[in-house]
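For reference, the chains in residue letters:
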Amino acid sequence: MESKSIALDGPAGAGKSTLAKKAAKHFGLIYVDTGALYRCVGLYAILKKAASVDSLAIASLLPKIEIEMKYDEHGTQHMFLCGADVTEDIRLPEVSKFASDVSAMPPVREFLLSTQRDMAVKYDVIMDGRDIGTVVLPNAGLKIFITADEKTRAKRRYDELIEKGIETTFFEVLNDMKIRDKNDSERAIAPLKISDDAVLLDTTQLDFEQSFEALCKLIGNRLELEMV
């Protein structure tokens, strides 16, 4: 069992990444954003003008893709694709669509699976994604499924994009989220679902600080970790 590893799953816009980053800093864990790995593959496909649903084309690109996770002096994760810092680029709405499509492809999942598991072997991690507790880290010491209702998640994602200066509308974000929820939940390979032994954390009625407090309580009680 990866005793100090935390698997954090949930749908898009549930706040997984933001909460996981703060919790990692709070408890002295390494934060691993697995969605960023898939986004890097999606961005590479866009740059190479491959269709997001062309599995053969995507598979042929994989040997050429070099992805690195690096952490700055503040512990912030940066994503590098073939040597270039793409931390901001991979958050664009177009990349989200590509990431959702390529994440359903077995060759892509296999390509990234070992990278994710190696991180949990080397470090005490908090890892967020769609199938961390069910597939990537089935023996994690703590599994948490974070969710919120659809409109709440869309509003959070919309505010995040606007804050970054990305032009969009709430309804565009909501529609994209509905499509991604459907794709993530219905895909044949590693669909989004709550693990049988996961704790459900619904943040619909909680603000960020309340959500963070609830998450920390779960982590502290289960793994007996203390803040650093």
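Placed above this text is the structure.
These remarks concern the structure in this document. (Residues numbered from 1 in each chain as written. Predicted model: local features only at pLDDT ≥ 70, side-chain atom pairs only at ≥ 80, totals over all residues. Heavy atoms only, no water.)

Moving on to the packing of aromatic side chains. Taken as a whole, this structure holds three aromatic pairs when the rule is applied. Between Tyr158 and Phe170, the aromatic rings sit 6.4 Å apart at their centres with planes inclined by 85°, giving edge-to-face as the arrangement. Note that Tyr158 is positioned in helix H7 (residues 150-163) and Phe170 in helix H8 (residues 170-186), a separation of 12 residues in sequence. Assessed through its relative accessible area of 23%, Tyr158 is described here as partly exposed. Look at Phe170 and you get partly exposed, because its relative accessible area is 23%. Centroid distance Phe170 to Phe171: 5.5 Å. Interplanar angle 75°. Geometry classified as edge-to-face. Assessed through its relative accessible area of 66%, Phe171 is described here as exposed. A connected cluster of aromatic rings, assembled from ring pairs, spans Tyr158, Phe170 and Phe171. Over the aromatic face of Phe212 sits the side chain of Lys22, whose NZ or CZ is 4.6 Å from the ring centroid. (Phe/Tyr/Trp six-rings, centres within 6.5 Å; stacked < 30°, edge-to-face > 60°. Helix = DSSP H or I, 4+ residues; strand = E, 2+ residues; numbered from the N terminus. Buried < 20%, exposed > 50% of the residue type's maximum accessible area, 1.4 Å probe, protein only. Lys NZ or Arg CZ within 6 Å of the ring centre and 35° of its normal.)

Helix packing for two helices is described by the angle between their axes and how far apart those axes are. In contact at an axis separation of 8 Å, helix H2 (residues 34-47) and helix H4 (residues 93-102) are set at 110° when each is read in the N-to-C sense. When the axes of H2 and H4 are compared, the pair comes out roughly perpendicular. Seen from H2, the contacting residues are Tyr38, Arg39, Val41, Gly42, Leu43, Ala45 and Ile46; seen from H4, they are Glu94, Val95, Ser96, Phe98, Ala99 and Val102. Grouping the amino acids of the contact of H2 with H4 by side-chain chemistry returns nine nonpolar, two polar and two charged. (Axes fitted to C-alpha atoms, helices over the stretch in contact; angles between N-to-C directions. Parallel < 35°, antiparallel > 145°, perpendicular 65-115°, else oblique. Contact = heavy atoms within 4.5 Å. Nonpolar A, V, L, I, M, F, W, Y, C, P; charged D, E, K, R; others polar.)

The terminal C-alpha atoms of H7 lie 20 Å apart, and with 14 residues this matches the ideal 20 Å at 1.5 Å per residue to within 8%. Listing the buried residues of H7 in full gives Arg153, Ala154, Arg157 and Leu161. The arc enclosing the buried residues of H7, seen along the axis, measures out at 100°, which places them on a common side. Facing away from the buried surface of H7 by more than 90 degrees, the exposed residues are Lys151 and Glu163. Buried-residue contacts for H7 involve H2, H4 and H8. Where H7 ends, the next residue or the one after it, Gly165, has phi of about 85°, a positive value. (Expected span 1.5 Å × (residues − 1). Arc of directions from axis to C-beta.)

Counted residue by residue, strand S4 (residues 77-81) has four buried out of five residues, so it is predominantly covered. Examined bridge by bridge, strand S3 (residues 67-71) and S4 share five bridges and lie antiparallel to one another. Looking across to S4, one finds that Ile67 is bridged to Leu81. The pairing of S4 with strand S5 (residues 84-85) spans two bridges and is antiparallel. (Pairing = 2+ DSSP bridges.)

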